[in-house]
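Structural overview
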Amino acid sequence: MFGTIVLLVVSTWLAQWLYKRLTKKSASCPSVPGLPLLGNALNFDITRPMAILEKWNKEHGDVYKINLMGEEVVVVNGDVCYEVLVNRSDEFAGRPHTPRFDWIFHGDLVFRDPDENFKAWRKFLHHGLRQYGSGMKRIESVVQEEIKECLATVEDQQGEPFDPQNIIHGTVLNIILIFIMGKRLPKDDPFIDTMKKAERALSESCGPGAGVELDMMPWLRYFNIPSYKKLIGFNNLRDEVINHWIKMKREETDPDNVSCMMDWLLICQEEHVGKVGALSEVNLKMITQNIWFGGSLTTFNSCYFGLLILINHPEIQSKIYEQIIKAVGKERLPCLDDRANLPYVDAFLLELMRYVTILPFAVPHKAMSDTTLRGYSIPAGTQIWVNLFGLHHDERFFPDPWTFNPDRFIDKDGQVISPFERKMLMPFSAGRRVCFGEQLARARLFLLFTSWVQRFTFLPEDDTSGPPSYHPSNYILGIALRAEDYKLRAVPRK
Ligand code: HEM
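What you are looking at is a predicted structure, and each value in this text was computed from that prediction instead of being measured.

1. A short note on the overall build of the protein
Counting its regular elements, the protein contains 16 helices and 10 strands. Scaling as 2.2 N^0.38, a compact globule of 494 residues should have a C-alpha radius of gyration of about 23 Å, and the protein matches this with 23 Å. For the C-alpha atoms alone, the extent of the protein along its principal axes is close to 75 × 55 × 45 Å. Here the protein, with 494 residues, has 40% of them falling under the buried criterion. A separation of at least 24 residues holds for 75% of the contacts in the protein among residues at least 6 apart in sequence.

Next comes the structure, spelled out in structure tokens:
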């Protein structure tokens, strides 16, 4: 009996799948040859996809398509990325849907097509960000408090080898928590642990290497397979955290004293009942989730990579240190006003964002209507991967791309080159779907790295074996790219 049911389910799914494949319009760009049914799914390790996409770019040009078990994906490369994101932003601003995204992100902002609510919610968020004052002054004071804690914890390691992951993660999570909730938690608070657990569960259930079978065969959820259990586990942990935040804030929000993003969202919710931009409880929870995950894994992984690069490049570390000492001194912590006098630090951070490209293909985009791209037809609904990682390592735009060299962003007067001159650098994407947290992220990275280098010399775990490589072939793609685990020593500066 059970066998008959399984057979029935599988054959119905196969028939539907075949019907969809045979009737769906297809993009006319070159296609990477693959296997029947599976397409290119077995051609590459989805947790380390960058090298093969680069090879296909060389073989098939700047617009080509791959097939992931029936789902056609157009991969755009080189300056086509700029065309898609900036020049024709509205045409490609949609988001594709997959069963997993729907189960996890339904009702959110990130995976929503740009409809009226999307526009209203983005406005709410930008307005909320402005509550922090011009020039991010409040963010700065909040981050500096957190940085002091972080510096003390690093100092506690007494120059001995340690893996900085946990310390960075705690710091980044607390900054996000203050941003969302207006308060921080002690680093050993169990709630921080629950947040970390939720992030791990998200990577395990929704990273590209995990749970793909659920997108292909959504009915597998009825068999409660391990990847579906992980996904439900994530949803539960996420709900535990965010429901708690919402309940707490509902009890204490004072409309005359907005101190954080959640205060602001609750006010927007009250003011927009029945109007464009109305926020249901689910929307509220999901947008909070977007800020939490958007702001945590990206920044945490960028910091972890950044320190790995610094232990590989003592000469870059010294140059950053010298500039900090000259412009800020040793006594006070660096602040955002120092930025104008620290062009080399900015150049280092730009190069870090380029070299690593934490979200290598942005978040998948979708064509909003039938269109063409470089002469190829692209049907409405086609999923588009904007290969930012490929663009950032394309020697047509970044000469000697595999060398880590902050000086590429410095002009002949020692200043950072203009945004126009670096327009092909888009680690936060660009256009209609540009990262909402770009200014916040840049401010945090600046404050964290300047404070770390001002106080410590970062060295490899031991002098004899040298530091682990930071070459992208070692990166692992989860929700964002991450480095393999490593240890370093942080020796306090005299
Ligand atoms: C190093 C840090 C960060 C990097 C490199 C980064 C990068 C990106 C990228 C590439 C996208 C995809 C845009 C697209 O699909 O075209 C994105 C979207 C987004 N990011 Fe970030 N991000 C960072 C930090 C943050 C922070 C701190 C927040 C929130 C506080 C945030 C919130 C978001 C949101 C809400 C979106 C979705 C925008 C939309 O779909 O319209 N991000 N980010």
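2. Considering the site of the ligand
By nearness alone, 22 residues border the ligand, and Gly294, Gly295, Ser429, Cys435 and Gly437 come closest of all. Secondary-structure elements contributing two or more residues to the shell around the ligand are helix H12 (281-312) and helix H16 (438-455). Per-element accounting of the shell around the ligand gives the leading share, 7 residues, to H12. Within the shell around the ligand, the residues separate by chemical class into 13 nonpolar, 8 polar and 1 charged.

3. Looking at the environment of Asp239
Looking at the element boundaries, Asp239 is found in helix H10 (residues 226-252). By the C-beta count within 10 Å, which is 13 here, Asp239 ends up partly exposed. Taking the C-alpha atoms as reference, Asp239 lies 42 Å from Pro401; in sequence the two are 162 residues apart.

4. Things to note about the nonpolar core
In this structure, Val76, Cys81, Ile180, Leu308, Leu349 and Val386 are the most contacted members of the largest nonpolar core, which totals 125 residues. Considering every element that reaches this core, the biggest residue donor is H12, with 15 residues. Ignoring anything within four residues of it in the chain, the contact list for Leu349 reads Leu445, Phe446 and Phe449.

5. Things to note about the UniProt feature "binding site: heme" (unreviewed entry) in the protein
With numbering aligned to this structure, UniProt lists the feature "binding site: heme" (unreviewed entry) at Cys435. Of note, Cys435 is situated in the loop between helix H15 (388-392) and H16. Not counting the four nearest positions on each side in its chain, Cys435 is found in contact with Phe428 and Ser429.

6. Comments concerning the sheet that holds strand E1 (residues 63-68)
Reading across the sheet, the 4 strands line up as E1-E2-E6-E3 and stay open at both edges, with mixed pairing between neighbours. The sheet terminates laterally at E1 and strand E3 (365-366), the two strands that pair on one side only. The pairing of E3 with strand E6 (residues 383-386) spans 2 bridges and is antiparallel. Of the residues in E6, the one forming a bridge with His365 is Ile384.

7. Looking at the pairing of strand E2 (residues 71-76)
Of the pairings in the sheet, the one linking E1 to E2 comprises 6 bridges and is antiparallel in character. Its bridge partner lying in E2, Val63 is registered against Val76. In this structure, the hairpin formed by E1 and E2 is closed by a connection of 2 residues, where Met69 is found at a positive phi of approximately 50°. With 4 bridges connecting them, E2 and E6 associate as parallel partners. Note that in E6 the partner of Val73 across the bridge is Gln383.

Definitions and limits used
Residues numbered from 1 in each chain as written. Predicted model: local features only at pLDDT ≥ 70, side-chain atom pairs only at ≥ 80, totals over all residues. Helix = DSSP H or I, 4+ residues; strand = E, 2+ residues; numbered from the N terminus. Rg over C-alpha atoms; globule rule 2.2 N^0.38 Å. Buried ≥ 20, exposed ≤ 12 C-beta atoms within 10 Å, placed from the backbone. Contact = placed C-beta atoms within 7 Å. Near = placed C-beta within 6 Å. Nonpolar A, V, L, I, M, F, W, Y, C, P; charged D, E, K, R; others polar. Core = buried A, V, L, I, M, F, W, Y, C linked by C-beta atoms within 7 Å. UniProt positions renumbered as here; feature names shortened; annotations may be inferred. Pairing = 2+ DSSP bridges.

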